[in-house]
Each structure stands twice: as C-alpha cells, then as structure tokens.
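Inside the fold
Below, each chain spelled out in residue letters.
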Amino acid sequence: MAEDEGRTKVVGTNRLDKLHGKVDYTPGPANAELLCLLSPARLAQISICSLMEIYVRLVHTIRTLKEDPRWPGWELVVGIEVHAQIKSRAKLFSETFTADLDEPPNSHVSPFDAAFPGTLPRLNSKCVELGVRTAIALNAEVQRRSAFDRKHYFYADLPSGYQITQQYAPIARGGGLKLDRDDVFVRIKQVQLEQDTGKSAFLPRNHLSAIDLNRAGTGLMEIVSEPDMRSPEEAADYVRTLQALLRCVGSSDGHMEQGSLRCDVNVSVNRAGSPPGTRCEIKNLNSVKFMMIAITCEAHRQIELLESGRSVPQETRGFDEDRAETYALRSKEDAPDYRYMPDPNLPPLLLDQEYITKIRNDMPELPDMTRARLLALDLSRRDTDVLMDVDSGREVGFDGELGGGAVAYFDSVARGRDPKAVVNWITHELLGQLAFRRETFKENPISVEQMGNLIDLVQTGTITGTSGKTILRHLLSNHSQDMPSKLAEQLLLIAVRDDGSSLEKWCSEAISALPEEAKIVRTGNVRVVNKIVGRVMKASRGRANAEDVRAMLLKMLQ
Ligand SMILES: Nc1ncnc2c1ncn2[C@@H]1O[C@H](COP(=O)(O)OP(=O)(O)OP(=O)(O)O)[C@@H](O)[C@H]1O
Ligand SMILES: [Mg+2]
Ligand SMILES: [Mg+2]
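Rules used in this analysis
- Residues numbered from 1 in each chain as written.
- Chains lettered and ligands numbered in written order.
- Predicted model: local features only at pLDDT ≥ 70, side-chain atom pairs only at ≥ 80, totals over all residues.
- Helix = DSSP H or I, 4+ residues; strand = E, 2+ residues; numbered from the N terminus.
- Buried ≥ 20, exposed ≤ 12 C-beta atoms within 10 Å, placed from the backbone.
- Contact = placed C-beta atoms within 7 Å.
- Pairing = 2+ DSSP bridges.
- Near = placed C-beta within 6 Å.
- Nonpolar A, V, L, I, M, F, W, Y, C, P; charged D, E, K, R; others polar.
- pLDDT = per-residue confidence, 0-100.
- Axes fitted to C-alpha atoms, helices over the stretch in contact; angles between N-to-C directions.
- Parallel < 35°, antiparallel > 145°, perpendicular 65-115°, else oblique.
- Left-handed = near helix turned anticlockwise from the far one by under 90°.
- Expected span 1.5 Å × (residues − 1).
- Arc of directions from axis to C-beta.

Digging into the overall build of the protein chain
- Within the protein chain one finds 18 helices and 17 strands.
- Across the 558 residues of the protein chain, 36% fall into the buried class.
- Contacts spanning at least 24 positions in sequence make up 68% of the contacts within the protein chain whose residues lie at least 6 apart.

Below, the structure is given as structure tokens:
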C-alpha cells in the first residue's frame, strides 16, 4: 500500500473515474478540461472503453430484437448486486476469526464487532488482497485510492448503528463478465468492500429477538453489475459464472445456500424499443433457482401493472418462496436515509502499483483461459464443460459442495498421454461410476498414478476396455491402493492375445451355443455377429479383444 499521493493526482483520478464510469464522452468544456489531464495511455483506455460500450449496446440491440415468448411486446432488464463473503480467516476490521454456520452463537465476537465504545477498526490486508484479486479477475480497474463510508441504519444485528462500506470510492470500477449463453457480456459497475451484519431471529413464543454476532463484521464484496441481463436465464448464468470465478481465484466460497453468496436482483420492464422502466429491487435471494422464479414473477407483476394503465413504483421487495411471488418491503419514499459519511476512523485505502502488479502476476488460470486451453487440446465442448462444472461445484447441484480439482486431475493424468482418451476415462467412466455410487468427485479415491496406469493398460491392449471398467469399479468399491497393473494380474484380467487357442475355443463354443444367430450371419447378415461376440466376451470375462473376436467369428462363419 502506498504512501499518500499528491492531492491533485487524487482529485484528478476521482474525476476521471466518474467520466470512466458514466461513459459520458460528449465533447464540452468540462470533458475537454478532463481530457487534457489524460496521459496517452489513459486516452487509449477510454477509447477501448467506448468501443466496448458500442459493442455491448450492439449485442443488446440484437438480443432485444428477439422477442421473449413469455412476455411478447415487452423487454426485461435485470441488474444484480452480489454480496460475496470474503474467504479470509479474520473479519474485515477486527482480528476475530470468521465463524462457521454450526458454531455456537456469539462465539466469534470481538469488542469492535459488538461496537464497544472506544474500539477502532483495523483493516485486514487479506480482505483487500482478495478484493483486488476479484477485481482483476473481472477485468475491472483497481482503484489506487478508495475510501470507507458509514451507512447508517438501525437493526438489532448491527450494534454500531452503521455498516462500513465503500459507497463513494469503491476498490474497483468497470470490467465485466462474458457469459457462455449467446455471447452476452455483463458489465460490472463497481466492486466495494463492506462489513456483513449479525443475524437476528425472532422467537415468537417469548416475544424476543435473539441476536448472534458471529457474522457481524465479516468481510463482504459487493459486486454491482450494470443492468445488462435480459432474461432470468441470463441472470442465472451471470451468477453461476461469477460464482465459478470467485471460487477459482479463492476470494469466496460462493455457497448460496449457506449464505456466503447472496443476490439482490433489480428488475424492470419496458415496451419493446422504449427506454428501461422503473426498477424494483428484490432482496436477499439465496438460490439461483429462486432467483429465476423471482425475476419471472416480478416481470409478470410489473407488466400487469403497466398493461392496466398503472405505473410501477420504485420499491424494495422480498420474495415468498412458498407462494412464488414478490411482496413490497418498502417504497422509495420509505427508503431509509442512510446518512452516508466518510468513516473518520479509517484513512483512505491507497494501493501502490507494484502491489497490484504483484497480485496480477500471481493470478491463477481463469475459467475462460482454462476453457480455451482444454478446447485447444481438441477436447469436445461437452467434455470441457463437464470437467469445468465439476470444478466449480455444479456437478453436485449448483449450490452444493465444491467439486474441486477435476481440471487439475485431468491435467496431471493427461501429462504424456492422449488427452482425448484421458478425458473419456474421467468424464464418462470415472464420473459415471461416481454418480452411480452417489459420490462426488471430491470423494474420488483413485490417484493420478492409478488412473494413468489404468489408461495405459487399456491403450496398450494389456487389458480390454471392459476389464478397465472392472478395475475402475474395484478401485472405487475397495479404495484399493494397488496399481491397476497388479490388480489386472490378481483378478486375471490380462487380455487374451489371439494365440489361436483360447480365442478359437471360446468362439466355437459361442457358435454352438447360438446356432440360429450363426446361421443368420452365414447368410450374410453380419450385424447379428455382435450377439455372438457378446457371448465370447462373457465367456472370456472381458479379457478377449472384441475386435479380434469379431474378426475370428466372421472368419469361422464364412
Ligand atoms: N432500469 C433498471 N432495471 C433493472 N436494473 C437496474 C435498472 N437500473 C439500474 N439497475 C441495477 O440496479 C442496481 C443498483 O445498485 P446500486 O448498488 O448501484 O444501488 P442501490 O440498489 O440503490 O443501493 P444499495 O446498495 O443500497 O441497494 C445495479 O445492479 C444496476 O445495474
Ligand atoms: Mg448496492
Ligand atoms: Mg441495491
């Protein structure tokens, strides 16, 4: 983090950021003055941003030309505020460790988290680092200078009466996420660091609210998107893509069901071709499925209002999962006056360029790059998606446990082997068997060495594919540490080479056992030979090579 910068530079940066954020490039005295302050590099950046803006608008126009059959004549606009818990051991401004959900209430609370008078915040550098990593992953512009504000509101689970956030000078601005679906690009408005609140639970029996401050003060990143999504599906895709990215850079677990990733969804509708309508914000959605349902219900509600000649008032709404409808929480008029003010106990956060560059240089491979790399190995789109879905935890249901490590496992097994054969064994055989056993990839007991050895045995013809699958099943059932080469011998699965004897014996036995089929093959219908091949394979317990068997049978039945 840098020493304080010159005042002029700081003011200049802020004004440029405004220009950058609002994308108001109208030539005029004010902008002309600002442009004079720009270095050529900065100017180049702005023109890249304008091009990006034009591109995004163009894609949006093309998208909105396609009418959504759910609401013909209407367009839907969605912008999402994601609150992601930062994966740091300590809270944002205190040294207390963050708590797991199953820990006793109020067991992770420092005097600062409970707002004891006289306590002061101390910024946790790990949270800053993870915020910067996230910003870089989103291709956002990390701000060399950001600052903390107090947002005042009065809930029992917020003992200080204010939340520390970055309302005016966030840690990053701009950037965006490319979604897989239809080449959609969602721009990011800003990323801000802020504190989480505690939790309160109303106990109706004794008319008390129970307060648990374990979560109070945990670091959050609020990632605010521009209103660039046009359907519930795009919104879901955005949250999933963002979740995979956060997990990839290690900045958040992103578990929606456990509350470490929560979404506020802003929804508006407008008649096709008209400007966007008034947005309503649906608060605290904690599953992708419910988020999609909430957006759909809200779109229908707003369209009904507008079609009956009424208007949509700007509101904050909740979502009732049982009734599948949104309900008003508060109108714009009732919106609390947050009385934002700079936090006097926290100086501006100044980051020097070397610090940002160091984090940039340490970034892991991001999902987009991984996908491109796997596709370049000639893997199919489907296999690539399967590996990456397992990695981001989608294998076990989107909100489930992290699958983790499937791409790394593939990379290790594929070293020096045919990538297509390897991906085939992992996505089809291994994942298939695990799914059959209702196990996740995380529970896979087969080491890289065992998997590699198994594939080599099949590739070299030492065992057949069928025997390979038998060994795979054996490894999964017994959690055996033995190498497949040893198991192949122990289980008598070494392939029977065509030495003429056993193969011929099995073939003649199968022909005698299936005289009808043999007759049909003799008359020229060779497809029926597969049934006899199956019989031989069974007799050989999968050790015979199916191709050899087929060739021998056809020779014998000529
Ligand atoms: N017409 C619109 N339709 C749908 N979404 C919109 C529209 N206009 C803006 N939005 C979205 O609304 C969100 C506004 O979030 P932002 O954090 O800037 O303000 P806020 O919701 O007023 O503040 P708070 O953080 O207190 O909730 C953004 O995600 C933005 O994309
Ligand atoms: Mg917000
Ligand atoms: Mg909001």
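With respect to the pairing of strand β4 (residues 149–152)
- Note: β4 against strand β5 (residues 162–165), 4 bridges, orientation antiparallel. Bridge pairing links H152 to Y162 in β5.

Section: the site of ligand 1
- If you check the shell around ligand 1, you find 16 residues, and the closest are G79, P227, N266, S268 and P276.
- Considering every element that reaches the shell around ligand 1, the biggest residue donor is strand β1 (residues 74–85), with 5 residues.
- Here the shell around ligand 1 is composed, by residue class, of 7 nonpolar, 4 polar and 5 charged.

A short note on unusual backbone geometry
- For N284, which is not glycine, the phi torsion reads 55 degrees and is therefore positive.
- Of note, N284 is situated in strand β13 (residues 280–285).
- Residue R339 is not a glycine yet carries a positive backbone phi of 45 degrees.
- Residue placement: R339 occurs in the loop between β15 (325–331) and β16 (341–342).

Thoughts on the sheet that holds β16
- With antiparallel pairing, the 3 strands of this open sheet are ordered in space as β5-β4-β16. Strands at the two margins of the open sheet, each flanked by one partner only, are β5 and β16.

Brief notes about the confidence of the model for the protein chain
- Confidence in the prediction of the protein chain, expressed as mean pLDDT, is 86, and 85% of residues score 70 or more.
- Scored below 50 in pLDDT, residues 1–39 shows 35 contacts in the model against residues more than four places distant or in partner chains.
- Every residue in residues 396–403 is under pLDDT 50, and counting partners more than four places away or in other chains gives 22 contacts.
- Here the prediction assigns the complex a pTM of 0.78, and the interface score ipTM is 0.98.

Focus: the pairing of strand β8 (residues 185–195)
- Most of β8 sits out of view: 10 of its 11 residues are buried.
- Inspection of the sheet shows strand β6 (residues 172–173) paired to β8 by 2 bridges, in the antiparallel sense. Residue pairing for β8: A172 is matched across the bridge by V191.
- With 3 bridges joining them, strand β7 (residues 176–178) and β8 adopt antiparallel strand pairing. Bridged to K178 within β8 is F185.
- Relative to strand β11 (residues 219–225), β8 runs antiparallel, the two being bridged by 7 bridges. The residue bridging I188 from the neighbouring strand is S225, located in β11.

A word on the packing of helix α17 (residues 529–539) against helix α18 (residues 546–556)
- Between α17 and α18, the shortest axis-to-axis distance is 10 Å and the interhelical angle comes to 125 degrees. Regarding the angle of α17 to α18, the classification is oblique. α17 and α18 meet at a crossing whose hand is right-handed. On α18, the residues that touch V529, I532, V533, V536 and M537 of α17 are A546, V549, R550, L553 and L554.
- Considering only residue class, the contact of α17 with α18 consists of 9 nonpolar, no polar and 1 charged.

Section: the environment of A324
- On the secondary structure map, A324 appears in the loop between β14 (315–320) and β15.
- When near neighbours in sequence (up to four residues on either side) are disregarded, A324 contacts I293 and C297.

Here's the deal with helix α9 (residues 381–392)
- Given a rise of 1.5 Å per residue, 12 residues ought to cover 16 Å, and the 16 Å separating the end C-alpha atoms of α9 matches this to within 8%.
- Within the span of α9, buried status applies to D383, T384, V386, L387, M388, V390, D391 and S392.
- Looking at the buried side of α9, the elements it contacts are α5 (232–249), α8 (367–376), α10 (406–414) and α11 (419–436).

A look at the environment of L351
- Looking at the element boundaries, L351 is found in the loop between β17 (349–350) and α7 (353–361).
- Classification of L351 as partly exposed rests on a count of 19 C-beta atoms within 10 Å.
- Between the alpha carbons of L351 and V128 there is a distance of 9.5 Å; along the sequence they are 223 residues apart.

A look at α18
- When we look at burial in α18, the residues that qualify are V549, M552 and L553. Here the buried residues of α18 occupy an arc of 100 degrees about the axis, which is enough to place them on one side. Exposed residues lying more than 90 degrees from the buried face of α18 are E547 and K555.
- Buried residues along α18 sit in contact with α15 (502–513) and α17.

Quick notes on the environment of S311
- Here S311 lies in the loop between α6 (288–307) and β14.
- Expressed as a C-alpha distance, the spacing of S311 and I164, which sit 147 residues apart in the sequence, is 35 Å.

Some details on the packing of helix α12 (residues 448–459) against helix α13 (residues 465–478)
- Where α12 contacts α13, the axes come no closer than 9 Å and their chain directions differ by 160 degrees. Classed by the angle they form, the pair α12 and α13 counts as roughly antiparallel. The element α12 and its partner α13 pack so that their crossing is right-handed. From α12, Q450, L454, L457 and V458 reach across to α13, where they touch G465, G468, I471, L472 and L475.
- The class makeup of the residues in the contact of α12 with α13 is 6 nonpolar, 3 polar and no charged.

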